[in-house]
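Report on the structure
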Amino acid sequence: DAGVIQSPRHEVTEMGQEVTLRCKPISGHDYLFWYRQTMMRGLELLIYFNNNVPIDDSGMPEDRFSAKMPNASFSTLKIQPSEPRDSAVYFCASSLAPGQGAVGELFFGEGSRLTVL
Amino acid sequence: DAKTTQPTSMDCAEGRAANLPCNHSTISGNEYVYWYRQIHSQGPQYIIHGLKNNETNEMASLIITEDRKSSTLILPHATLRDTAVYYCIVRVANYGGSQGNLIFGKGTKLSVKP
């Protein structure tokens with residue numbers, strides 16, 4: 001299995017531009033999570049989905065952030081307009097539901113490093 | 001807020017056992033203890049988890065105290081590649097509603113030295 005695939009790995013953009021981060025979860029996983037990591041705040045959960053439906057988006061910082069999961073194999077995190085304080089590494093993770101032999105561990109992608117100038 | 005307390009950093013000599021403590025005094029009866037680690041510039045990686053019994057897998061051992069208020073992750077023979085930030089997390093096993101959140105604290109930065 002290729003694991004969780006994120007793109008782009010690095011993105012440099014200017015303030016005010018739209019940014020779209022993409023994630024392909026592990027095939028068959030029921031859950032998908034978006035995290036953001038900064039030196040100051042550490043790893044923060046932004047939103048997670050179960051069977052393509054958003055379950056908890058309370059971590060999404062503000063209306064400039066939106067996430068979608070149109071199907072089981074693809075999710076996007078969009079920032080519009082972007083600001084310098086959005087600079088961070090954004091991680092996507094997926095997991096099976098606990099039970100039936102699974103422990104519910106999260107499998108993380110390599111992350112997308114975003115720099116907003 | 002994270003429900004766990006971990007030392008900020010620890011050192012360990014290569015080849016020796018690394019014992020990473022975690023306090024979770026407010027843990028609920030239905031909450032598991034999970035350990036993840038994050039090697040520099042990579043995504044976090046699952047290590048092990050447990051409810052109340054000690055657990056062992058190919059990566060590590062997890063010792064949970066009888067009152068479940070603390071635990072220790074043991075890397076039996078640390079190598080340089082084990083240098084990472086180690087996160088101790090408590091959470092329920094089911095994902096209903098906000099219970100699915102995996103809340104990461106600051107973790108312990110383990111440095112394995114030659």
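Preceding this paragraph is the structure being described.
Right, let's walk through the structure included here. (Residues numbered from 1 in each chain as written. Chains lettered and ligands numbered in written order. Predicted model: local features only at pLDDT ≥ 70, side-chain atom pairs only at ≥ 80, totals over all residues. Heavy atoms only, no water.)

Our focus in this paragraph is the state of the cysteines. Tallied over the full model, the rule gives 2 disulfides over all chains. There is a disulfide in this structure between A:C23 and A:C92, and the S-S distance comes to 1.9 Å. Since a negative S-S torsion denotes a left-handed disulfide, the A:C23-A:C92 link at about -70° is left-handed. A residue pair is termed long-range when its members are at least 10 positions apart, and A:C23 in strand β3 (residues 19–24) and A:C92 in strand β9 (residues 88–95) qualify at 69 residues. Accessibility expressed as a relative area gives 1% for A:C23, which makes it buried. Among the residues examined, A:C92 registers a relative accessible area of 0% and is labelled buried. Residue pairing for B:C22: its cysteine sulfur links by disulfide to B:C88, the two sulfurs lying 2.1 Å apart. Its S-S torsion of about -80° marks the bond between B:C22 and B:C88 as left-handed, since a negative value means left-handed. With B:C22 in strand β2 (residues 18–23) and B:C88 in strand β8 (residues 84–92), the pair connects residues that are 66 residues apart, well separated along the chain. Just as B:C22 is buried, B:C88 falls in that class too. (Disulfide = S-S within 2.5 Å. Helix = DSSP H or I, 4+ residues; strand = E, 2+ residues; numbered from the N terminus. Buried < 20%, exposed > 50% of the residue type's maximum accessible area, 1.4 Å probe, protein only.)

With that out of the way, let us pick up the sheet that holds strand β7 (residues 65–71) of chain A. Residues and elements named next belong to chain A. Read from one edge of the open sheet, 4 strands run β1-β3-β8-β7, paired in antiparallel fashion. The open sheet has two edge strands with one neighbour each: β1 (5–7) and β7. Going across the sheet, the axis of each strand differs from the next one's by a mean of 15°, ignoring polarity. Relative to strand β8 (residues 74–79), β3 runs antiparallel, the two being bridged by 5 bridges. Note on β8: the bridge partner recorded for V19 is I79. (Pairing = 2+ DSSP bridges. Axes fitted to C-alpha atoms, helices over the stretch in contact; angles between N-to-C directions.)

All names here are of chain A. Position of S75 among the secondary structure elements: in strand β8. Residue classification places S75 among the buried positions, given a relative accessible area of 0%. Within the local environment of S75, its side chain forms a polar contact with the side chain of W34, the two groups lying 2.9 Å apart. Of note is the side chain of S75, whose polar atom sits 2.8 Å from the backbone oxygen of K68. Not counting the four nearest positions on each side in its chain, S75 is found in contact with L21, R22, C23, L32, W34, F49, K68 and M69. (Polar contact = N/O pair within 3.5 Å; in protein donor to acceptor, adjacent residues only side chain to side chain. Contact = heavy atoms within 4.5 Å.)

The omega torsion across A:S7 and A:P8 is -10°, close enough to zero to call that bond cis. Structurally, A:P8 can be placed in the loop between β1 and β2 (10–13). In this model, A:Q80 is joined to A:P81 through a cis peptide bond whose omega is -10°. Here A:N51, not a glycine, exhibits a phi torsion of approximately 50°, which is positive. Take A:N51: its relative accessible area is 48%, and that puts it in the partly exposed class. With a phi angle near 65°, B:R68 is a residue other than glycine that sits in the positive phi range.

Here we take up the layout of surface pockets. Taken as a whole, the largest pocket holds about 770 Å³ of empty space. Lining the largest pocket are 32 residues, and of these A:Q37, A:M39, B:Q38, B:H40 and B:Y87 sit closest to its centre. Elements represented by at least two residues in the lining of the largest pocket include exactly β4 (31–38), β5 (42–50), β9 and β11 (112–116) of chain A together with β8 and β9 (108–113) of chain B. Take the lining of the largest pocket: its biggest share by element is 4 residues, from β11(A). Taken together, the residues of the lining of the largest pocket break down into 10 nonpolar, 17 polar and 5 charged. (1 Å grid on protein atoms, 1.4 Å probe; cavity = no way out; pocket = protein on both sides within 12 Å on 5 of 7 lines; lining within 4 Å. Points joined across faces, edges and corners; volume = space filled by probe spheres on them. Nonpolar A, V, L, I, M, F, W, Y, C, P; charged D, E, K, R; others polar.)

This part covers the packing of aromatic side chains. Taken as a whole and judged by the stated rule, the model has 14 aromatic pairs over all chains. Centroid distance A:F33 to A:Y35: 6.5 Å. Interplanar angle 25°. Geometry classified as stacked. Assigned by exposure class, A:F33 and A:Y35 land together as buried. Ring plane angle 45° and centroid distance 5.5 Å describe the contact between A:Y35 and A:F108, whose orientation is recorded as tilted. On the criterion of sequence distance, the pair formed by A:Y35 in strand β4 and A:F108 in strand β10 (residues 107–108) is long-range, its members being 73 residues apart. Taking relative accessible area as the criterion, A:Y35 reaches 0% and is therefore assigned buried. Taking relative accessible area as the criterion, A:F108 reaches 11% and is therefore assigned buried. These aromatic residues form a ring-pair network of at least three members: A:Y31, A:F33, A:Y35, A:Y48, A:F91, A:F108, B:Y32, B:Y34, B:Y36, B:Y46, B:Y87 and B:F104. Lying across the ring of B:Y34, B:R91 places its NZ or CZ 5.5 Å from the centre. (Phe/Tyr/Trp six-rings, centres within 6.5 Å; stacked < 30°, edge-to-face > 60°. Lys NZ or Arg CZ within 6 Å of the ring centre and 35° of its normal.)

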